[in-house]
Amino acid sequence: MGIRSKKNHKASYLKERWHNRSEITPPYIEDFTSQFNEREPLLKEMESFASVNKVPILLPSAARLLQVMCRLKQPEEILEIGTGIGYSTLSMLFALNGKTRITSVDANAERIQIAEKFIKRSGFSVNLICNDGFDVIRSFIAEGKQFDFIFVDSVKSEYPFMNFKIQALLKKKGVAIFDNVLFRGYVCGNYPEKYRRSTNLLKIFLNHVKEYPGFTASIIPVGDGLLVIERK
Ligand SMILES: C[S@@+](CC[C@H](N)C(=O)[O-])C[C@H]1O[C@@H](n2cnc3c(N)ncnc32)[C@H](O)[C@@H]1O
């Protein structure tokens, strides 16, 4: 990618990203699909908050799929790594009418505080943990705890190091979903030089999950790419 196109790419990425728009789907399709269903007013308010304050959230189309998966799976207990401002947490809870226990972890105290306020307004309850996801995962593994639904939306380059631990935390027939696995399409083709390391780490991660016995793995090109892992 030349310097000029790199700049243009960055500008268009920021514009699309802060408009809560996917970069792997043409904008008119993203707009049509994300406006197809009315979302809860609180979720729409969170989308505006994220856009104005430039805080990353799950893209609305990916949140919709997460909601469908939750409704189909009806998990008893969910683990989320990467609460952010709680947009994905509340998307799951609205889909399940708040009837599922969710433990959600984020290392960023400021974001956890914002999430706490939005969650309070929803009337639902969430076990929010402000800590490094790896520490929390390690202690759950040590306790022998398992979940039937795990959603991971943290730092992409950490995925290869989280992967086996997440699989260990999944119950039989459990489902784990990782966001951003297509990384704006970089894992499928050209990428800017500065993203070489993170793109390569994501590729390693995707190759690992593809070959891990006892699990199936599927990439769904929605949002920034969702990876769905199912324990057989
Ligand atoms: C994209 S944001 C999450 C957005 C959120 N899922 C939503 O839809 O509102 C990623 C979050 O992961 C958190 N994070 C990244 N690495 C982490 C780690 N190792 N442990 C805990 N949180 C982490 C960041 O602090 C950030 O808030």
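Attention in this report is confined to the structure presented alongside it. Note that the coordinates shown come from a computational prediction; the quantities given were computed from them, not determined experimentally. (Residues numbered from 1 in each chain as written. Predicted model: local features only at pLDDT ≥ 70, side-chain atom pairs only at ≥ 80, totals over all residues. Heavy atoms only, no water.)

**Concerning the site of the ligand**
Selection rule: What makes a residue near a molecule or strand is one non-hydrogen atom of that residue sitting within 4 Å of it. Side-chain atoms alone can form a polar contact between residues adjacent in sequence; in general such a contact is a pair of N or O atoms within 3.5 Å, and within protein one must be able to donate a hydrogen while the other accepts it. In this description, accessible areas are obtained by the Shrake-Rupley approach with a 1.4 Å probe, and a residue is regarded as covered only by the protein chains that are shown. Note that Gly is not counted as nonpolar here; it falls among the polar residues with everything else outside the nonpolar set of Ala, Val, Leu, Ile, Met, Phe, Trp, Tyr, Cys and Pro and the charged set of Asp, Glu, Lys and Arg.
Near the ligand, the surroundings consist of 21 residues, among which Ser88, Asp106, Arg111, Gly133 and Asp153 are the closest. Residue glycine 82 places a main-chain N or O atom 2.9 Å away from a nitrogen atom belonging to the ligand. The contact in question runs from a nitrogen atom of the ligand to an N or O atom on the side chain of aspartate 132, over 3.2 Å. Protein contacts shield 91% of the accessible area of the ligand, which totals 610 Å² for the unbound molecule. Partitioned by chemical class, the residues of the shell around the ligand number seven nonpolar, nine polar and five charged.

**Some points on the pattern of salt bridges**
Test applied: By definition here, a salt bridge exists when the distance from a side-chain nitrogen of Lys or Arg to a carboxyl oxygen of Asp or Glu is within 4 Å. Strands here mean DSSP runs of E at least two residues long; helices mean DSSP runs of H or I at least four residues long; both are numbered from the N terminus. Burial classes follow relative accessibility: with a 1.4 Å probe on protein chains only, a residue under 20% of its type's maximum area counts as buried, one over 50% as exposed, and anything between as partly exposed.
Here the structure, examined in full by the defined rule, presents seven salt bridges. With a shortest N-O distance of 3.9 Å, lysine 171 and glutamate 76 are connected by a salt bridge. Separated by 95 residues along the polypeptide, lysine 171 in strand β5 (residues 170-178) and glutamate 76 in the loop between α4 (60-73) and β1 (77-81) bring together distant segments of the chain. When its relative accessible area of 57% is taken as the criterion, glutamate 76 is described as exposed. The partner of glutamate 193 in a salt bridge is arginine 196, with the nearest N and O atoms 2.7 Å apart. For glutamate 193, a relative accessible area of 48% translates into the label partly exposed.

**Notes on the environment of valine 228**
To be explicit about the condition: Whether two residues are in contact is decided by their heavy atoms: any pair within 4.5 Å suffices.
Tracing the backbone through its elements, the reader meets valine 228 in strand β7 (residues 226-231). Judged by relative accessible area, valine 228 falls into the buried class, the value being 7%. When the C-alpha positions of valine 228 and alanine 176 are compared, they lie 5.9 Å apart, and in sequence the two are 52 residues distant. If we ignore the near neighbours within four places in the chain, the residues touching valine 228 are Met69, Val175, Ala176, Ile177, Thr216, Ala217, Ser218 and Ile220.

**A closer look at the side chain of aspartate 179**
Topologically, aspartate 179 is positioned in the loop between β5 and α9 (196-211). By relative accessible area, aspartate 179 is classed as buried at 3%. With sequence-adjacent residues up to four places away left out, aspartate 179 is seen in contact with Leu58, Phe151, Val152, Asp153, Tyr159, Asp224, Gly225 and Leu226.

**A look at the packing of helix α8 (residues 159-168) against α9**
In plain terms, the rule: The convention used is that axes are lines fitted to C-alpha atoms, helices contributing only their stretch in contact, and that angles between N-to-C directions extend from 0 to 180 degrees. Every angle not falling under 35 degrees, over 145, or within 65 to 115 is termed oblique; those three ranges are roughly parallel, roughly antiparallel and roughly perpendicular.
It is the contact of α8 with α9, at a shortest axis distance of 9 Å, that shows an interaxial angle of 25°. Viewed along their axes, α8 and α9 adopt a mutual orientation that is roughly parallel. Residues Tyr159, Pro160, Phe161, Asn163, Phe164 and Gln167 of α8 lie in contact with α9, whose contacting residues are Leu201, Leu202, Phe205, His208 and Val209. Of the residues in the contact of α8 with α9, the class split is eight nonpolar, three polar and no charged.

**Observations regarding the pairing of β7**
Note the following rule: At least two bridges found by DSSP between two strands is the condition for calling them paired.
When β5 meets β7, the two strands line up antiparallel, connected through four bridges. Its bridge partner being in β7, alanine 176 is matched across the sheet by isoleucine 229. Direction of pairing for strand β6 (residues 215-220) relative to β7: antiparallel, over a ladder of six bridges. Paired with threonine 216 across the bridge in β7 is glutamate 230. With antiparallel pairing between neighbouring strands as the criterion, β6 and β7 make up a hairpin whose turn holds five residues, including glycine 223 at a positive phi of roughly 65°.

**Some points on the environment of valine 68**
Locating valine 68 in the fold gives a position in helix α4. Classification of valine 68 as partly exposed rests on a relative accessible area of 34%. Counting along the chain gives 156 residues from valine 68 to aspartate 224, while the straight-line C-alpha distance between them is 17 Å.

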